[in-house]
Amino acid sequence: MIHEQEQQQLIDNFSMTYGQDPDHLFFAPGRVNLIGEHTDYNGGFVFPAALTMGTYLAVKQTNDQTLHLVSANFNQQITCSINDLSYRKDDDWGNYPKGVLDFFYKQGLEFTGLKLYFYGNLPHGAGLSSSASIEMVTAFMATSLTGANYSKPELARACQQVENHYIGVNSGLMDQFAIGMGKQDHALFLNTHSLAYEHVPLHLGNYSLVITNSNKRRGLADSKYNERRSECEQGLSDLQASGLELTTLSDLSLEALSVNKDLFRSETIANRVAHVVRENDRVKRAVLLLKEGDLEGFGQLMADSHRSLAIDYEVTGAELDALFDIQIGAPGCIGTRMTGAGFGGCTISLVDQKSIDAFTSYVVPIYMKQTGLEPDFYVSTAGTGVSELSLNTERK
Ligand code: GLA
């Protein structure tokens, strides 16, 4: 059964660390985005799915005011007072759970001390939202234990605030929303402006979604991400200054884009806006094609999305572009693209199930020769959103 092995391991690890058993277990998935990249902070459309890999959290409430943070994935253990959860650079990964607890503390939630133990099986820093997964599992835990009434979209919004104001990355809502609202075997078609969403069955026929980790570290990712976001804001203000009544870039239609393409202060800004407008259009078409069972058509839109992210948005980089070029010609592959913020991380590919071995054996040597890096592969299925897990696994 899914999670069973990890649950048992987590309980054992918690007991070894703290000398006590945990009271509760929680899980939040990571996410992979099928199409709709760098649209979510522009009020646009996205189409992610929650994964079955993610972050596990075991918890015990105490009667003191101390917060203990331990993770199986990081050597560093953090202890602080629940009354002082301010950001400290030295706390590194611990700033994610601390930021979330700080947010809810300031909202008036009353915590006692907490002993927390995290374990994640997502590759770290690979663009599969390991950070948002830590945030969401912490938010769900904190609100569940205190009986606070927050919907999952509200938790997602809260974690986005933490990311923007506490961590300092100006990210959109996609990751946290998909992690909250994911549904098994479905992708999530989300309008990030209205927050209207639809779960779309992932009927992939003989195809599977294969995630390839480029294993290129995402250096500079946060500052480049914030730079792209501010370029989009400049694009919007250029359009508004010319009298166009737009609230977000996603209010701009394809037709209006081509009529107004000379209004921008620079070619770079025009290119960024063109990506956002065309990517929104691709997401809507991709969802329709998936519903019609046109997987080849869906795959072509994935490839178009990658090219636009490479040429107009400039967030791919040499390694993701190398993977794209190799995978687009690999056996069984009918579509591929980078997924997530870019600047390293993963691609997602639509691959004929019977060709998956041929696909990976084709990609590895060419990619290694070109980049010196060895890729990792995960065949991905869509999992459910954040939840509490049962503590009743049989002790062995
Ligand atoms: C990161 C951000 C998301 C989104 C993607 C790009 O994952 O956290 O909000 O902007 O990049 O689509």
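Scroll up for the structure.
Quick caveat, the model's predicted, so the values are computed rather than measured. (Residues numbered from 1 in each chain as written. Predicted model: local features only at pLDDT ≥ 70, side-chain atom pairs only at ≥ 80, totals over all residues. Heavy atoms only, no water.)

### Digging into the site of the ligand
Then step 1. As a matter of local geometry, the ligand sits amid Arg31, Glu37, His38, Asp40, Tyr41, Ser171, Gly172, Met174, Asp175, Tyr225, Gly340 and Ala341.
Then step 2. A distance of 3.0 Å separates an oxygen atom of the ligand from a polar side-chain atom of Arg31.
Then step 3. Between the ligand and the protein, one listed contact pairs an oxygen atom with a backbone N or O atom of His38 at 2.7 Å.
Then step 4. Surface burial for the ligand is 93%, taken as the share of its 300 Å² of free accessible area covered by protein chains.
Then step 5. Taken together, the residues that form the shell around the ligand break down as four nonpolar, four polar and four charged.
Then step 6. There are two domains that each give the shell around the ligand at least three residues, and those are domain 1 (4–201 + 383–389) and domain 2 (207–380). (Near = heavy atom within 4 Å. Polar contact = N/O pair within 3.5 Å; in protein donor to acceptor, adjacent residues only side chain to side chain. Areas by Shrake-Rupley, 256 points an atom, 1.4 Å probe, with all protein chains shown as cover. Nonpolar A, V, L, I, M, F, W, Y, C, P; charged D, E, K, R; others polar. Domains from an automatic or database assignment.)

### Topic: the environment of His199
Then step 1. Here His199 lies in strand β8 (residues 197–201).
Then step 2. The partly exposed category is assigned to His199, whose relative accessible area is 23%.
Then step 3. Taking the C-alpha atoms as reference, His199 lies 31 Å from Glu231; in sequence the two are 32 residues apart.
Then step 4. Setting aside chain neighbours within four positions, we find His199 in contact with Met181, Gly182, Lys183, His186, Ala187 and Leu188.
Then step 5. Of the polar contacts made by the side chain of His199, one reaches the backbone oxygen of Met181; its length is 2.7 Å. (Helix = DSSP H or I, 4+ residues; strand = E, 2+ residues; numbered from the N terminus. Buried < 20%, exposed > 50% of the residue type's maximum accessible area, 1.4 Å probe, protein only. Contact = heavy atoms within 4.5 Å.)

### Comments concerning the pairing of strand β1 (residues 24–33)
Then step 1. Of all ten residues that make up β1, nine are buried, and the element is covered over most of its length.
Then step 2. Pairing of β1 with strand β3 (residues 48–61) involves nine bridges; the strand directions are antiparallel. In the sheet register, Leu25 faces β3, and the bridge partner there is Ala58.
Then step 3. In the sheet, β1 pairs with strand β13 (residues 387–389) via three bridges, with the strands oriented antiparallel. (Pairing = 2+ DSSP bridges.)

### A few points about the side chain of Asn33
Then step 1. Relative to the helices and strands, Asn33 is located in strand β1.
Then step 2. With relative accessibility at 0%, the residue Asn33 sits in the buried group.
Then step 3. Separated by 2.8 Å, the side chain of Asn33 and the backbone oxygen of Gly36 make a polar contact.
Then step 4. Ignoring sequence-local partners within four residues, the contact set of Asn33 consists of Phe47, Pro48, Met174, Arg337, Thr339 and Ile348.

### Description of empty space enclosed by the protein
Then step 1. Applying the stated rule across the entire model yields two cavities of 30 Å³ or more.
Then step 2. The volume enclosed by the largest cavity comes to roughly 40 Å³.
Then step 3. If you tally residues by element for the lining of the largest cavity, the top one is helix α3 (residues 130–146), at three residues.
Then step 4. Per-class residue counts for the lining of the largest cavity are four nonpolar, three polar and no charged.
Then step 5. Its volume calculated, the second largest cavity comes out at about 30 Å³.
Then step 6. Looking at the second largest cavity, the residues that line it are Glu6, Gln9, Leu10, Asn13 and Tyr119.
Then step 7. If you tally residues by element for the lining of the second largest cavity, the top one is helix α1 (residues 4–18), at four residues. (1 Å grid on protein atoms, 1.4 Å probe; cavity = no way out; pocket = protein on both sides within 12 Å on 5 of 7 lines; lining within 4 Å. Points joined across faces, edges and corners; volume = space filled by probe spheres on them.)

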